[in-house]
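Coordinate inspection notes
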Amino acid sequence: ARPRLDWSRIWFGFGVWAALLAGAEIVSYFIDPDNYVWQFDLKAFLPLLAIALFILPIQTSAEELVMRGYLMQGIALISEYRWVPLIVTSVIFGLLHGFWVTLPCYFGIGLALAIMTFMDDGLELALGVHAAYNIFGATIVTFEGSVLATPALFKVLEINPLMGTIFTLVFSFVFIMIAARKYGWTDWTKMYGEVEKETIA
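So, here is what we can say about the structure in this document.

Quick notes on the rules
- Residue positions are given per chain, counting from 1 as you read along its sequence in written order.
- Given that the model is predicted, a residue must reach a pLDDT of at least 70 before its local features are reported, and side-chain atom pairs must reach 80 or more before they are shown or counted; all residues, however, enter totals for whole chains, interfaces and linings.
- Excluded from the side-chain calculation are hydrogens and water; included are all heavy atoms of the structure.
- Note on pairing: DSSP must find at least two bridges between two strands before they are called paired.
- Helix and strand assignments come from DSSP, with helices taken as H or I runs of at least 4 residues and strands as E runs of at least 2, each series counted from the N terminus.
- Lines fitted to the C-alpha atoms define the axes, with helices restricted to the stretch that makes contact. Angles between their N-to-C directions range from 0 to 180 degrees.
- For this analysis, a ring pair means two rings from Phe, Tyr or Trp (six-membered ring only for Trp) whose centres lie within 6.5 Å, classed as stacked if their planes differ by under 30 degrees, edge-to-face if by over 60, and tilted for the remaining angles.
- The buried label goes to any residue with under 20% of its type's maximum accessible area, the exposed label to any with over 50%, and the partly exposed label to all in between, with areas taken from a 1.4 Å probe on protein chains only.
- Both a distance and an angle decide whether a charge sits over a ring: NZ of Lys or CZ of Arg must be within 6 Å of the ring centre and within 35 degrees of the ring normal.
- Grouping buried Ala, Val, Leu, Ile, Met, Phe, Trp, Tyr and Cys residues that are joined through side-chain atoms within 4.5 Å yields what is termed a nonpolar core.
- Contacts were defined at the residue level, with two residues in contact if any of their heavy atoms lie within 4.5 Å.
- Between N or O atoms, a polar contact is any pair within 3.5 Å; within protein, one atom must be a potential hydrogen donor and the other a potential acceptor, and residues adjacent in sequence are included only when both atoms are from side chains.
- Multiplying 1.5 Å by the helix residue count minus one yields the expected span of that helix.
- In this scheme, roughly parallel covers angles under 35 degrees and roughly antiparallel covers those over 145, while 65 to 115 is roughly perpendicular and the rest are oblique.
- Each residue gets one label: Ala, Val, Leu, Ile, Met, Phe, Trp, Tyr, Cys and Pro are nonpolar, Asp, Glu, Lys and Arg are charged, and the others, such as Gly, are polar.

One open sheet accounts for 3 strands, arranged β1-β3-β2; its pairing is mixed. In this open sheet, the two edge strands, each paired with only one partner strand, are β1 (36–38) and β2 (141–143). With strand direction ignored, the average angle separating the axes of adjacent strands in the sheet is 35°.

Looking now at the packing of aromatic side chains. Within the structure shown, the criterion is met by 13 aromatic pairs. Consider the rings of W17 and F175, whose centres lie 6.0 Å apart with planes at 75°: the pair is edge-to-face. Linking W17 in helix α1 (residues 7–31) with F175 in helix α7 (residues 161–183), this pair joins segments that are 158 residues apart in sequence. F175 sits in the buried class, given a relative accessible area of 0%. Ring geometry for W185 and W188: centres 6.4 Å apart, planes at 80°, overall edge-to-face. Through a chain of ring-to-ring contacts, the aromatic side chains of Y29, F30, Y36, W38, F40, F45 and F154 assemble into a single cluster. Taking the ring centre of Y183 as reference, the NZ or CZ of R9 above it sits at 4.1 Å. Taking NZ or CZ as reference, R68 lies 4.6 Å from the ring centre of F93, over its face.

With that out of the way, let us pick up the nonpolar core. Counting 35 residues, the largest nonpolar core has W17, L125, F175 and W185 as its most contacted members. Contributions of two or more residues to this core are made by α1, α3 (56–77), α4 (83–97), α5 (103–120), α6 (124–139) and α7. With 9 residues, the top contributor of residues to this core is α5. What L125 contacts, discounting residues up to four positions off in sequence, is R9, F12, G13, M116, D120, F175, A179, Y183 and W185. Core analysis: the second largest hydrophobic core is formed by 7 residues, F45, L48, L56 and A138 among them.

Attention now goes to the environment of T89. Its location among the elements puts T89 in helix α4. Put simply, T89 and I58 are 31 residues apart on the chain and 20 Å apart in space, counted from C-alpha to C-alpha. In this view, T89 contacts M67, L71, M72, I75 and A114; residues no more than four positions away in its chain are not counted. Within the structure, the side chain of T89 is placed 2.6 Å from the backbone oxygen of P85, a separation counted as a polar contact.

The end-to-end C-alpha distance of α5, which contains 18 residues, comes to 26 Å, matching closely the 26 Å that a straight helix rising 1.5 Å per residue would cover. For α5, a buried count of 14 out of 18 residues is recorded, marking the element as mostly surrounded by other parts of the structure.

What follows covers the side chain of T60. Tracing the backbone through its elements, the reader meets T60 in helix α3. From its side chain, T60 meets the backbone oxygen of P57 in a polar contact 3.1 Å long. Aside from chain neighbours lying at most four places away, what touches T60 is H130, A131 and N134.

Let's shift gears to the packing of α5 against α7. Packed helix pairs are characterised by how far apart their axes lie and by the angle those axes make with each other. For the pair α5 and α7, interaxial distance at closest approach is 8 Å and the crossing angle is 10°. Viewed along their axes, α5 and α7 adopt a mutual orientation that is roughly parallel. Facing P104, C105, G108, I109, A112, I115, M116 and D120 of α5, the residues of α7 in contact are G164, T165, T168, L169, S172, F175, I176 and Y183. For the contact of α5 with α7, the residue count by class is 10 nonpolar, 5 polar and 1 charged.

A few words now on the packing of helix α2 (residues 42–54) against α3. Between α2 and α3, whose axes approach to 4 Å, the crossing angle comes to 35°. Listed contacts from α3 to I51, A52, L53 and F54 of α2 are L56, P57 and I58. Classifying every residue of the contact of α2 with α3 gives 7 nonpolar, no polar and no charged.

The following block contains the structure:
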């Protein structure tokens, strides 16, 4: 809906989401420090950092363009209500990233990204959040079975899928409330109202 890419929104999404992730990991570390293993290896980490900073943003941007850009709009063209593309793309996003145990967590992040896109009439916030999520997961904390299995700084020995899903939902709510205040989101019918379709004369 904007004439050009709004980089300030991308950086806002990236910064706020990265801060939320870092805060959660700090709290988790102090609760159970034995669950974290320091595995820093300079020779392995430097190439990883380069890939994370220069390649992952391209990957996440492509994913957002397909999922929240083309696919969400395409589904909207054949559906009557906005919640249909919101839910369908979130389910597809979840299935592409995990199954059974991790599916609820990835569905949650997919839903949050879809809500941001709907409410902000653009992909910028989702681009920033998705990049922060993947870069943090690739370079700071990883775990066995992660979508991004990398030589990150820390490895978590055991994950709690339920807590991960709860954290994701809480983060999503907090982020959306912060963004709503910052960008003046008031029309929440954008998420569930009828799809407005342009007619071609």
